[in-house]
Amino acid sequence: LHAGKLLGVLRGRQEVGVRALGHRALLMSPSAPDARARLNCLKGRPEWMPIGAVVAREHFANLSSEPEWFAASYPSFITAVRPEVQVRLPSLSFAGGCRLQTLEHQQDPWLYALLQAVGKLTGTPALLIASFRRSPFAPPISHIYDG
């Protein structure tokens, strides 16, 4: 991930809803300048569409200029991203904001550990996250043979 690679995740129980939460997801580092465009291209979406991100809960204030109470476990709201973070992690935000999901260890130990490993390399435990589906209207991929 740190080298700009894409990670497809199919693990555990399937999620319900339109947002990726880490069980059926495409993950990329927000430090790659073209990561958002690459994810949108792969998913057949317009380049301008924002991509969600997941961050370890305790680092929310390092990324966002919103108050702490704005942190959400589901990527349902657009959160303002600090200007210095937009420079360091260019694919994290679109027009200054991001659909940011916060994560605590007890919510998903596997994804939290991955965020911590990424954070050791980059200084920021955050990843871009998109649903693992062929199109916005298709169901999530549920098996490796669905591709």
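Residues numbered from 1 in each chain as written. Predicted model: local features only at pLDDT ≥ 70, side-chain atom pairs only at ≥ 80, totals over all residues. Heavy atoms only, no water.

Considerations on the pattern of salt bridges
For the structure shown, the criterion picks out three salt bridges. Salt-bridge contacts for D108 lead to R11; the nearest nitrogen and oxygen are separated by 2.5 Å. Here D108 is found in the loop between β5 (97–103) and α4 (109–122), whereas its partner R11 is found in the loop between β1 (7–10) and β2 (24–28), with 97 residues between them in sequence. (Salt bridge = Lys/Arg side-chain N within 4 Å of Asp/Glu carboxyl O. Helix = DSSP H or I, 4+ residues; strand = E, 2+ residues; numbered from the N terminus.)

Focus: the pairing of β5
Burial analysis of β5 places seven of its seven residues in the buried class, the great majority of the element. By the alternation rule, side chains of β5 split into G97, R99, Q101 and L103 and C98, L100 and T102, which are all buried. As defined by bridge partners, strand β3 (residues 52–56) adjoins β5 across four bridges and the pair is classed as parallel. Looking at the pairing, V54 lines up with Q101 of β5. (Buried < 20%, exposed > 50% of the residue type's maximum accessible area, 1.4 Å probe, protein only. Pairing = 2+ DSSP bridges.)

Digging into α4
Here α4 contains 14 residues, and its C-alpha end-to-end distance of 20 Å stays within 8% of the 20 Å for a straight helix at 1.5 Å per residue. Looking only at α4, the buried set comprises L111, Y112, L114, L115, V118 and G119. Each buried residue of α4 lies within a common arc of 155° when the element is viewed along its axis, so the set occupies one face. Across α4 from its buried face, at more than 90 degrees, point the exposed residues K120 and L121. Residues of α4 that are buried make contact with β1, β2, β3, β5 and β6 (126–131). Phi turns positive, to about 90°, at G123, one or two residues after α4. (Expected span 1.5 Å × (residues − 1). Arc of directions from axis to C-beta. Contact = heavy atoms within 4.5 Å.)

A few points about the pairing of β3
Within β3, five of the five residues are buried, which leaves it mostly tucked inside the rest of the structure. Covered by surrounding structure in β3 are G52, V54 and A56 together with A53 and V55, the residues of both alternating faces. Pairing of β3 with β6, which is carried by four bridges, proceeds in the antiparallel orientation. Across the sheet, residue G52 finds its bridge partner in β6, namely I129.

Thoughts on the side chain of T79
By secondary structure assignment, the location of T79 is in strand β4 (residues 78–80). Accessibility expressed as a relative area gives 2% for T79, which makes it buried. Each residue touching T79, except ones within four places of it in the same chain, is listed here: F60, S64, E66, F70, G96, G97, C98 and L100.

Observations concerning the nonpolar core
Membership of the largest hydrophobic core comes to 20 residues, with the highest contact counts inside it found for L63, L92, L100 and L128. Of all elements in the fold, only β2, α1 (35–42), β3, α2 (60–63), β5 and β6 reach the threshold of two or more residues within this core. Broken down by element, this core gets its largest block of residues, three residues, from β6. Leaving out residues up to four positions away in the same chain, L100 has contacts with A53, V55, F60, L63, A72, Y74, P75, F77 and T79. Counting residues in each nonpolar core, the second largest holds 13 residues, with A56, L103, L111 and L127 among its members. (Core = buried A, V, L, I, M, F, W, Y, C linked by side-chain atoms within 4.5 Å.)

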